[in-house]
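Now for the letters of each chain:
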Amino acid sequence: MSLDTGTEPGPVVLSPRAVRRARRSASLQRFWVSFRRQRAGVAGLVVLGVFVVLAVAAPLIFSSDELEVTKATGEVLAPPGSAFLLGTDESGRSVLALVVWGARVSLLVGISATVISMAIGTLVGIASGHFGGWLGGALERLTDWFLVIPFLPLAIALATVLGSSLLNVIVVIGVTSWPGTARLVRAQTLAVEARPYLERARVLGGGHWHQMSRHVLPNVMPLVLANTTLTVAIAILSETTLSFLGLGDPFRVSWGSMLDNAFSAGAISSGAWWYLLPPGLCVVVVVLAFTLVGRALENVLDPGGR
Amino acid sequence: MTVPLLRLENLEVTYRTTEGDVPAVRGVTLDVEAGTSLGIAGESGSGKSTLAATVLRLTPRTARVSGRVLLDGEDVLAMSFGRLRVVRWSEASIVFQGALHSLNPLHRVGRQVAEPLLLHDRTVTRRGAERTVDQLLTDVGLPTRLAASYPHQLSGGQKQRVMIAMALACRPSLVVADEPTTALDVMVQAQVLDLLTALVRERGLGLVVISHDLSVLASTCDRVAVMYAGRVVEQGRSADVLSRARHPYTRALSAAFPTIGDPAARFAPSGLPGDPPWPGDLPPGCPFHPRCPDAVDVCRTEDVRLRPAGPGQEAACVHAGTEVQA
Amino acid sequence: MTFAATDSAVAAESAHERSGGARSGGLWGYALRRSASGIGTVGFVLVFNFFLFRMLPGDPISLYTKGRNMDQEQLRELRRSLDKPILQQFLGYLSNPFSSGVDSTQFSRPVWEVIGDRVWPTVVLLATATVLSAVIGIAIGIRGGWSRGSSFDRASTGISLTLYAMPEFWLGMVLLILLSTGVGFLPGIFPSGGVITPGVDRWSLDGIGDQAWHLALPALTLTLAYLAEYALVMRSSLVDELRQDYLTTARAKGMREKLVRRRHAVPNALLPTITLVFLNIGFVVSGAITVETVFSWPGLGLLSYQAIRGPDVPLLQAIFLLFSLSVVVANLVADIVVAAVDPRVRT
């Protein structure tokens, strides 16, 4: 929106919203330019892209029939060959098909659980940092207590109690991992709240909700974002562990459940390395990719000269 | 003429950074005689702290240093590591800024003051070291029981005194004080400065004080050198430099600090426009010309070196040596 | 010549300053205060543990009887105990949190006995792995942090990140298949599981050697899994510490670079890492569960796995409580260790 006053360009008048948008897109561009320089982070992003594409396109690459035990066509525990690029499992199914389909569950659980964990953690963190007095103290105490409870025993207990289904696994992981985020967010909130412009906002009459959403949240978000990728990494590891222990959804294939099956079917003693290596390697690669992206984000958003 | 206690000769320090070479010090020659004190004034980025670091060869590995740093005739920059470690602290020491983390937060203060004693003299016993530490603390006006304290338990002024006590531990001939009064209250500043002056007098030390506060230097030091953009732009007896500055920058610096009790000072605008230049991006000609109220055409094209501007005084200005209407 | 007498301002300052060093009084006081708040956490854990296994969807009876047969008398007894008011149940629970009287559903022995049998192998495994991983991890982190940017640093960071991304039980399975079953040219010399070859006397010299041989792979697995985090944290902690000004002071005093590292940089950088070793016990425990399963190591981890399979609720409840309490104690110890070493925390 500009005032056209003849040949000479006059002052451009923009609405506040347009100014905000322009500022935001400029900072996003700057962010992208810095991020591009983090080679490890970019590599991680590419790898993740590949896996996401594979996961989404799984039904197009391998029909879901390949997952059916009753429709398996291969030999039992056959090593990689021309027909089955990664060999077969103990029911004769193609390991490659299982791995590709397994990506769906692992990524889905990892991301959904993180969304839950982030939502709870950020809410509790900002609230406990923003509100002083008994509410903030109580929330902080609650966060510390939950941090004390070791993850796997709690996850096992919850999974036993709730039953094994995909949704429950997501809930269990989300519910057990929010304290870490909450603590981080709380520390960041306290740092932000100490800044003078928050005081100004309060004096100008900004209520709690306004302060938290308009001022604290945008300043806390960058660090939360970096933390999110690392949380997804841990969530995927957790899902793999829970599935390995038999607490995952029994009707779905995930990398963890593949490892559980391999273990139970004696893949170790029969030397069926093609069954053991791929699912684990996928976990390692995906988790590593998320970690690298997370570290790159941290470097860009908070360069400490590492 | 006797050999000066400290002589910096054509000193140049350039930092190698990812964005290219940054010249922090661009050819400085200074002398300090034993028993006298020299103040080095300048804003941040003038190179004064880098200068202090070169006295004991403490510049980071990314810095390229050329020229000579003669400590009692010996070139610090050319010494072997072994000789350097002996010279450090026992011939010259540095009083770091106490407000920063110049003290290890996990060690007691007494231990840190005693550390150079034990490093330089193998024969010193623990009791002997403790006694020396107590004496040092008393010399700087601190109660000896503070030796058992940790740095975070001390106030800013106390920490600064500890730094001074620590600097005197090995009886050096030269003490370099890097911003000894920054971040201290005015009252405490005065005490610290008095302490330094008295110590220099008593022990016949050479003292170099680095500060951005010209008035502090003028009251403490015999001579003052003003730095700008990596070079000395004026030097001379402190009274002369303060009251009859020959370089426009020095004049602006001393004017920036109002004279208490002088009504005229309250109304006179004294700030300098602009900012000091980024060392990696210096303007052509005299580096001060963009901010100089007395700049003429030649200042924009030709750099100026120090030239005589009065008895014992030099200034790097084309107008030096001529009377300028202030 | 002294100044103390003539300098009234300094005297005033000294009068205002806090009392000198934080001697033992400070540390004990801190330990006491910290333990008091630790009790609060223990209380929370007890309450949480109690309600977790009772707030279940569906019939609580079925949870206790899942997968095992009980006669009518036992069922009636169970129903009676579960019908009592919640508060009474809770008090009963508090008097006997480890359910020492209750039988495990799987083993038909008192829960506490079953746990007691399995504690020692877990302790041996975890202690070995923790010590080895801490020592090696910290050493790697120090070397990497000090020589930041060098090829050693980059290689060790890369390897640490990769190990950190690995599910520890998968690493165990890979080691088993490579070194126990043997693939290609690799010899299958390590045992495939268990703690001792059947028939060998546990206390004989051969027996001890045999047990050590069985310990090798599981301990190696956990060591590799844990050391990655220690190496990464130690490295970044040291890199942060290297930027501090007091190191310049130390060098200016004429200290050799190696001594600067040993006496100033590393001890200060070690602090957060040591804390991490203790705080990590939550993950250590989780690792034990899966790795013991893979190696059939007869410890609490394998017991947990078997309890899940049941599900053996009384056993699970007791194990959960035991693990949670260990973490509380470990956190307490971590805080006290930090206070003992860092004077800033005590005052």
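Whatever comes next refers back to the structure up there.
Residues numbered from 1 in each chain as written. Chains lettered and ligands numbered in written order. Predicted model: local features only at pLDDT ≥ 70, side-chain atom pairs only at ≥ 80, totals over all residues. Heavy atoms only, no water.

A. Just the overall build of chain C, in detail. Scanning chain C for helices and strands turns up 15 helices and zero strands. Within chain C, the fraction of its 347 residues that count as buried is 48%. Of the roughly 15900 Å² of accessible surface on chain C, a fraction of 64% belongs to carbon and sulfur atoms. (Helix = DSSP H or I, 4+ residues; strand = E, 2+ residues; numbered from the N terminus. Buried < 20%, exposed > 50% of the residue type's maximum accessible area, 1.4 Å probe, protein only. Areas by Shrake-Rupley, 256 points an atom, 1.4 Å probe, with all protein chains shown as cover.)

B. Spotlight on the environment of B:Leu38. All names here are of chain B. By the secondary structure assignment, Leu-38 is in strand 3 (residues 37-41). Accessibility expressed as a relative area gives 4% for Leu-38, which makes it buried. Sequence-wise, Leu-38 and Ile-210 are 172 residues apart; in three dimensions their C-alpha atoms are separated by 8.6 Å. Discounting chain neighbours no more than four positions away, the residues touching Leu-38 are Leu-30, Asp-31, Val-32, Leu-207, Val-208, Val-209, Cys-221, Arg-223, Val-224 and Ala-225. (Contact = heavy atoms within 4.5 Å.)

C. Fine view of the side chain of B:Thr54. Residues and elements named next belong to chain B. Secondary-structure assignment places Thr-54 in helix 1 (residues 48-55). By relative accessible area, which is 1% here, Thr-54 ends up buried. Within the structure, the side chain of Thr-54 is placed 2.6 Å from the backbone oxygen of Leu-51, a separation counted as a polar contact. With residues up to four places along the chain from it excluded, the contact list for Thr-54 reads Leu-11, Val-13, Thr-59, Val-65, Val-69, Val-76 and Leu-77. (Polar contact = N/O pair within 3.5 Å; in protein donor to acceptor, adjacent residues only side chain to side chain.)

D. Just the interface of chain C and chain A, in detail. Residue-level contacts link 48 residues of chain C with 43 residues of chain A. Both faces considered, chain C and chain A share a buried interface measuring about 4100 Å² in area, 78% of it formed by carbon and sulfur atoms. Looking at the side of chain C facing chain A, the largest losses of area belong to C:Phe44, C:Trp170 and C:Met173, adding up to 15% of the total buried there. Here chain C is connected to chain A by zero salt bridges. Across the contact surface, chain C and chain A share two residue pairs in polar contact (both at pLDDT 80 or more). Tallied by class, residues from the side of chain C that touches chain A come to 31 nonpolar, twelve polar and five charged. (Buried area = accessible area lost by both parts, 1.4 Å probe. Salt bridge = Lys/Arg side-chain N within 4 Å of Asp/Glu carboxyl O. Nonpolar A, V, L, I, M, F, W, Y, C, P; charged D, E, K, R; others polar.)

E. Structural view of the sheet that holds strand 12 (residues 314-315) of chain B. Reading across the sheet, the eight strands line up as 6-7-8-3-9-10-12-11 (chain B) and stay open at both edges, with mixed pairing between neighbours. Each end of this open sheet is capped by a strand with a single partner; those strands are strand 6 (92-95) and strand 11 (307-308) of chain B. (Pairing = 2+ DSSP bridges.)

F. Up close: a positive patch on the surface. All names here are of chain A. A contiguous patch of positive charge, built from Arg-17, Arg-20, Arg-21, Arg-23, Arg-24 and Arg-214, is present on the exposed surface. Here the positive patch gets five residues from one element, more than from any other, and that element is helix 1 (residues 16-36). Relative to the elements of secondary structure, Arg-20 occurs in helix 1. Among the residues examined, Arg-20 registers a relative accessible area of 44% and is labelled partly exposed. (Patch = residues over 30% accessible without salt bridge, like charges linked within 9 Å, V, L, I, M, F, W, Y side chains within 5 Å. Lys, Arg positive; Asp, Glu negative; His and termini not counted. Charge placed at Lys NZ, Arg CZ, Asp CG, Glu CD.)

G. Spotlight on the pairing of strand 6 of chain B. Residues and elements named next belong to chain B. Residues Ala-92 and Ile-94 of strand 6 are buried on one face, and the alternating residues Ser-93 and Val-95, pointing to the opposite face, are buried as well. Pairing between strand 6 and strand 7 (residues 174-178): four bridges, direction parallel. The residue bridging Val-95 from the neighbouring strand is Ala-177, located in strand 7.

H. Inspection of the pattern of salt bridges at higher detail. All names here are of chain B. Inspection of the entire model under this criterion finds 25 salt bridges over all chains. In this structure, Asp-21 and Arg-64 form a salt bridge, with 3.1 Å as the shortest nitrogen-oxygen distance. Of the two residues, Asp-21 is situated in strand 2 (residues 20-32) and Arg-64 in strand 4 (residues 63-71); the sequence distance between them amounts to 43 residues. Measuring nitrogen to oxygen at the nearest pair gives 3.2 Å for the salt bridge that ties Asp-240 to Arg-237. Arg-237 gets classed as partly exposed once you look at its relative accessible area, which sits at 43%. Taken together, the shared-partner salt bridges connect Arg-7, Glu-9, Asp-31 and Arg-68 into one network.

I. The arrangement of the packing of helix 6 (residues 111-146) of chain C against helix 7 (residues 151-164) of chain C in detail. All names here are of chain C. Put simply, helix 6 and helix 7 touch, their axes get as near as 8 Å, and they point 135° apart. Classified by the angle their axes make, helix 6 and helix 7 are oblique. Judged by the twist between their axes, the crossing of helix 6 over helix 7 is left-handed. For the pair helix 6 and helix 7, the contacting residues are Ile-140, Arg-143 and Gly-144 in the first and Phe-152, Asp-153 and Ser-156 in the second. Tallied by class, the residues present in the contact of helix 6 with helix 7 amount to two nonpolar, two polar and two charged. (Axes fitted to C-alpha atoms, helices over the stretch in contact; angles between N-to-C directions. Parallel < 35°, antiparallel > 145°, perpendicular 65-115°, else oblique. Left-handed = near helix turned anticlockwise from the far one by under 90°.)

J. Molecular detail of the pairing of strand 10 (residues 231-237) of chain B. All names here are of chain B. Burial runs high along strand 10: six of the seven residues are buried. Once strand 9 (residues 223-228) ends, the chain turns through two residues before running back antiparallel as strand 10, passing Ala-229 with a positive phi of about 50°. In the sheet, strand 10 pairs with strand 12 via two bridges, with the strands oriented antiparallel. Bridge pairing in strand 12 links Glu-234 to Ala-315.

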